[in-house]
2 protein chains.
Amino acid sequence: MPDTLHQPEYRKDPLSDAWVVIAAERNGRPEEFQELPVHRVGGPCPFCVGNEAVTPQEIISYPAAAGDRPWKVRVVPNKFPALVRCADMQPALVSKTFKNGTPSLFTSLRGHGGHEVIIESSRHAVSLTDLDDEELTYTFQAYRDRMRCLASEGPWKYVQVFKNVGAAAGSSIEHAHSQVMGLPAVPIRVAEELAHTKSYFNVVGRRLFESMVEEELAQQSRVVDQSDDFIAVCPYASRFPYETWILPRVAAPRFETSGDALVASLGRFTATIVDRLERTLKRPAYNYLLHSAPFDRSADDHYQWHLELFPRVTKPAGFEWGTGYYINPVSPEQAAQALRSA
Amino acid sequence: MPDTLHQPEYRKDPLSDAWVVIAAERNGRPEEFQELPVHRVGGPCPFCVGNEAVTPQEIISYPAAAGDRPWKVRVVPNKFPALVRCADMQPALVSKTFKNGTPSLFTSLRGHGGHEVIIESSRHAVSLTDLDDEELTYTFQAYRDRMRCLASEGPWKYVQVFKNVGAAAGSSIEHAHSQVMGLPAVPIRVAEELAHTKSYFNVVGRRLFESMVEEELAQQSRVVDQSDDFIAVCPYASRFPYETWILPRVAAPRFETSGDALVASLGRFTATIVDRLERTLKRPAYNYLLHSAPFDRSADDHYQWHLELFPRVTKPAGFEWGTGYYINPVSPEQAAQALRSA
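Residues numbered from 1 in each chain as written. Chains lettered and ligands numbered in written order. Predicted model: local features only at pLDDT ≥ 70, side-chain atom pairs only at ≥ 80, totals over all residues. Heavy atoms only, no water.

Peer 1: Honestly, the overall build of chain A in this entry has me stumped. Any pointers?
Peer 2: In terms of helices and strands, chain A carries six helices and 14 strands. In terms of overall dimensions, chain A has a C-alpha envelope of 65 × 55 × 40 Å along the principal axes. With 342 residues in all, chain A has 58% of them scored as buried. Of the contacts formed within chain A by residues at least 6 apart in sequence, a portion of 67% connects residues at least 24 apart. Counting 36 positive and 42 negative side-chain charges, chain A places the centres of these two groups 2 Å from one another. (Helix = DSSP H or I, 4+ residues; strand = E, 2+ residues; numbered from the N terminus. Buried < 20%, exposed > 50% of the residue type's maximum accessible area, 1.4 Å probe, protein only. Contact = heavy atoms within 4.5 Å. Lys, Arg positive; Asp, Glu negative; His and termini not counted. Charge placed at Lys NZ, Arg CZ, Asp CG, Glu CD.)

Laid out in structure tokens, this is it:
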């Protein structure tokens, strides 16, 4: 843990029951929260080849056993982690009392988590579409391999893989990279999806994702693209303009069980979709994330891993924060049509 | 409804059960979703005095019965509403069948809602801190009066009042304004707060907000400011850097029952807090929103209206969208200290 960080902490909001990660920089000053520029080509980039000493000790690189050949994709611990591994691996809730033995409203948990960065190229590539075929394949292999490895470590209940591209998508480093976080609990967004897919399975007797793919293919109006392994759709209730989900054709609850061929195929297909997005919207900032069933296999009968992708062209505002509803000014049907013809 | 809009529609995401408002502009083109500049001083501003004909027909203005005196605060229907009033006021769920009588996964509801704008000054004021005392008072009176009026109209279960300042906070018009939306259901974020405050009331026998104010005043570390009527705190599990909540000292579930003096006092106190924020962070973009108990009074024994305010200095990214957890790089204790000394 770098010495510029406090021990991060999970705190529970008594009003909403939501968990927040407080990961305060010790010397953080208000001026630092003005709009930060994204690291640009030209300055020393910590992720470019030759600057390996700037990152923490490498976890793994690709191709494996590269010998004298240079690395193509590299996984390192996050130098400024939002969560850090705790020595005891199972930290307890910190309960306090307020007065006269009344329990405090405020409970916390040490910020236990693994936070890694996947550097997707040794060159100063920026978007997923700047990667060559090998870099793409190794990047998506790294997603799977790190999930497998963190699953076998024991304390993690879930691993969140995600990618932020551009300042408007929350990225502070321009060089193409993704992030992987091992978490001690199944996050609330995934838990919601698990609850609804389970209840659908109990009522209808099949996976909700199978029904969704079937109905989207029958309607066609929200289908963006298809390959032998995947279909891409703008989901029926898209929260954001041009939001696109990538759904596998073959049922599989957990991404980490994917074979090499499927992982490589996902990399190529995702790059195709990002390319459609970048041609439609002139290289917008974007995020994508993988959702997968928890390691404990409790959702294996009803869940389906998938990838959710969205450009950051609108900003959630007072209405969204106040209500939890989203206002989307582009219908998914309009969005899919634009992306199809890009 | 202006003819540049489709009928807006609520759509339910079958995966998360969340509602999304699809409010598509008929001729929306991808180029329009590049970063939009905020309307600046100099161009014709639709909210400035003299341009009243540009807005839809006024709903009410302040001071009441102004006669020959000019208006100070003005309420108009939103010219580009995200939700519109439906003639039958109680539109039904649109259920479709997919094939062989199987129900479709995709359900929708016409986008029934009232969407109004409160123009907070006849001058080209920008932030809440640019308003004079009269404008402040009338603005917060308008919040209350519109909630009262919409409550009496019948079909609305909830009214969301909110304010967006600056492009990063989702605002497209610079002139100081707030928005009011009548909704046919209690939104999910409010429902979560209602559930937790109810369960707290059932277990502990008092309002969660009373306990929260008591414990915050005892600890002091997150208290930003106090007046006779209100305290301002950076909440224990702040989602955003410098997030600040304004909590009334006297229990009241619904904002629309507030008297003139309390409403004026809230306007002055909120402006003081925004001023602290603007001096700490150099006039950042910000949002605030009012949370209040639903009109049906079902939460009157356990809820408390309050105001939530946050500058937009960080951007939710892949981790936040994927997990539903927030990472906050400034502890609420650091934030409160900076705001206190501003």
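Back to the write-up after that little detour.
Peer 1: Any chance you could explain helix α1 (residues 133–153) of chain A here in plain terms?
Peer 2: Helical geometry: 3.6 residues make up each α-helical turn, so side chains three or four residues apart lie on a common side. All names here are of chain A. Between its first and last C-alpha atoms α1 spans 30 Å; for 21 residues at 1.5 Å apiece the expected length is 30 Å, and the two agree. Between the side-chain oxygen at the start of α1 and the backbone nitrogen of glutamate 134 there is a gap of 3.1 Å, and the oxygen is on aspartate 132. A positive phi of about 110° marks glycine 154, the residue just after α1. (Expected span 1.5 Å × (residues − 1). Polar contact = N/O pair within 3.5 Å; in protein donor to acceptor, adjacent residues only side chain to side chain.)

Peer 1: Where do I start with the packing of aromatic side chains in this structure?
Peer 2: In this description, an aromatic ring pair is defined by two values, namely the gap between the centres and the angle between the planes. Per the counting criterion, the structure on display carries 30 aromatic pairs over all chains. Arranged with centres 5.6 Å apart and planes meeting at 80°, the rings of A:Phe209 and A:Tyr303 form a pair that is edge-to-face. Here A:Phe209 is found in helix α3 (residues 208–219), whereas its partner A:Tyr303 is found in the loop between β12 (286–291) and β13 (306–311), with 94 residues between them in sequence. For the pair A:Phe209 and A:Tyr303, a shared accessibility class is recorded, and that class is buried. Members of the aromatic cluster, joined through ring pairs, are A:Phe230, A:Phe255, A:Phe269 and A:Trp305. The ring of B:Tyr236 has A:Arg11 lying over it, and the distance from NZ or CZ to the ring centre is 4.5 Å. (Phe/Tyr/Trp six-rings, centres within 6.5 Å; stacked < 30°, edge-to-face > 60°. Lys NZ or Arg CZ within 6 Å of the ring centre and 35° of its normal.)

Peer 1: Is there a simple way to explain the nonpolar core in this structure?
Peer 2: The nonpolar side chains of a soluble globular protein tend to be buried, and buried together. Judged by nonpolar contacts, the single largest core of 49 residues is most densely connected at A:Leu128, A:Phe140, A:Tyr143, A:Tyr242, A:Ile246, A:Phe255 and A:Tyr288. Counting only elements with at least two residues in this core, the list comes to β4 (73–77), α1, β7 (158–165), β10 (230–233), α4 (260–281), β12, β13 and α6 (332–340) of chain A. Non-local contacts of A:Tyr288, meaning those with residues more than four positions away in its chain, are made with A:Leu128, A:Phe140, A:Tyr143, A:Val161, A:Phe162, A:Lys163, A:Ser178, A:Thr270, A:Leu307, A:Glu308 and A:Leu309. Judged by nonpolar contacts, the second largest core, of 48 residues, contains B:Phe140, B:Tyr143, B:Ala176 and B:Cys234. (Core = buried A, V, L, I, M, F, W, Y, C linked by side-chain atoms within 4.5 Å.)

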